[in-house]
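# Observations on the three-dimensional arrangement
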Amino acid sequence: MLASYFIHMANYNIWANRKLYSACKALGEETIQKECPSYFGSIHKTLNHILLGDMIWMARFLGEENAPTKLDQLLHDNFADLTDARFAFDEKILDFSISLTEERLSEAFQYTDIAGSPHAMPFSICVGHMFNHQTHHRGQVHGLLIQEMEEPPALDLVYFTLEQLEGN
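Residues numbered from 1 in each chain as written. Predicted model: local features only at pLDDT ≥ 70, side-chain atom pairs only at ≥ 80, totals over all residues. Heavy atoms only, no water.

### A word on a nonpolar patch on the surface
Residues Val-158, Tyr-159, Leu-162 and Leu-165 make up a contiguous nonpolar surface patch of about 410 Å² in total accessible area. Residue position: Val-158 is located in helix H7 (residues 157-166). (Patch = residues over 30% accessible without salt bridge, like charges linked within 9 Å, V, L, I, M, F, W, Y side chains within 5 Å. Areas by Shrake-Rupley, 256 points an atom, 1.4 Å probe, with all protein chains shown as cover. Salt bridge = Lys/Arg side-chain N within 4 Å of Asp/Glu carboxyl O. Helix = DSSP H or I, 4+ residues; strand = E, 2+ residues; numbered from the N terminus.)

### Digging into the pattern of salt bridges
Within this structure, the stated rule accounts for six salt bridges. A salt bridge links Asp-54 to Arg-86, with the nearest nitrogen and oxygen atoms 2.6 Å apart. On the criterion of sequence distance, the pair formed by Asp-54 in helix H3 (residues 43-62) and Arg-86 in helix H4 (residues 79-99) is long-range, its members being 32 residues apart. Grouping residues by exposure puts Asp-54 and Arg-86 together as buried. (Buried < 20%, exposed > 50% of the residue type's maximum accessible area, 1.4 Å probe, protein only.)

### Concerning the nonpolar core
Ranked by internal contacts, the top residues of the largest apolar core, which has 44 residues, are Ile-43, Leu-47, Phe-61, Val-127 and Leu-145. When residues of this core are traced back to their parent elements, those giving at least two are helix H1 (2-27), H3, H4, strand E1 (108-112) and helix H6 (123-146). Apart from the residues within four sequence positions on either side, Phe-61 is in contact with Phe-96, Arg-104, Phe-109, Phe-123, Cys-126, Val-127 and Met-130. (Core = buried A, V, L, I, M, F, W, Y, C linked by side-chain atoms within 4.5 Å. Contact = heavy atoms within 4.5 Å.)

### Let's talk about the layout of surface pockets
By rolling a water-sized probe across the atoms, one finds the places where empty space is left. Of the voids in this model, the largest pocket is the one considered here, and its volume is about 230 Å³. Taken together, Ile-56, Ala-59, Arg-60, Gly-63, Glu-64, Glu-65, Ala-67, Pro-68, Thr-69, Thr-112, Asp-113 and Ile-114 make up the full set of residues lining the largest pocket. By residue number, the principal contributor to the lining of the largest pocket is H3, which donates three residues. Partitioning the lining of the largest pocket into residue classes produces five nonpolar, three polar and four charged. Considering only enclosed or pocket space, the second largest pocket measures out at about 180 Å³ in volume. Residue assignment for the lining of the second largest pocket shows that the elements contributing at least two residues are H3 and H6. (1 Å grid on protein atoms, 1.4 Å probe; cavity = no way out; pocket = protein on both sides within 12 Å on 5 of 7 lines; lining within 4 Å. Points joined across faces, edges and corners; volume = space filled by probe spheres on them. Nonpolar A, V, L, I, M, F, W, Y, C, P; charged D, E, K, R; others polar.)

### Observations regarding empty space enclosed by the protein
Enumeration over the complete set of coordinates arrives at one cavity of 30 Å³ or more. Roughly 50 Å³ of internal volume is contained in the largest cavity. Together, Thr-31, Lys-34, Cys-36, Ile-43, Leu-144, Gln-147 and Glu-148 line the largest cavity. The residue makeup of the lining of the largest cavity, split by class, is three nonpolar, two polar and two charged.

### Overview of the pairing of E1
Side chains of E1 alternate between two faces, with Phe-109 and Tyr-111 buried and Ala-108, Gln-110 and Thr-112 left unburied. Bridge count between E1 and strand E2 (residues 118-122): five bridges; the pairing is antiparallel. The residue bridging Gln-110 from the neighbouring strand is Ala-120, located in E2. As consecutive antiparallel partners, E1 and E2 are separated by five residues, and within that stretch Gly-116 has a phi angle of approximately 95°, a positive value. (Pairing = 2+ DSSP bridges.)

### Some details on the environment of Lys-92
Position of Lys-92 relative to the elements: it lies in helix H4. Sequence separation between Lys-92 and Val-127 is 35 residues; the distance between their C-alpha atoms is 14 Å. Sequence-distant contacts of Lys-92, that is, excluding residues within four places in its chain, are made with Met-58, Leu-62 and Glu-64. A polar contact of 3.2 Å, which involves the side chain of Lys-92, links it to the side chain of Glu-64. (Polar contact = N/O pair within 3.5 Å; in protein donor to acceptor, adjacent residues only side chain to side chain.)

Have a look at this one:
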């Protein structure tokens, strides 16, 4: 059951990112890049951080050595390139989620964080954290969008789920 939930979350991630990026694109590059009071300093930098976090966790999950090593590393300095990278990476997350098994999710997972500290916890918690991290920071972007547009898109998981159940 948990494996199917993570497939649902990967599809939700795609849905939410497409809505969010579409809203950001409508604002234009200047507004997206504009410095503003926020944890990462702009809409662009916050979106960059979400992708950065996904790349770090996925590299850990897949045993890849090419993960970013800094949490503030700028992956793409323009919105079009960031969008392309985001959408391509969303497909990688979906493929990974489809490959998950209940057995794998129940295993212990060991990883080293950015600071070099080792950790161990259930693999399912780490995968869940990746999806939670996305949602948390998309909420920050949504808060920034409220300052720039009349009505940002609703990104709630329940809306995605209702669309899936109703076949929209």
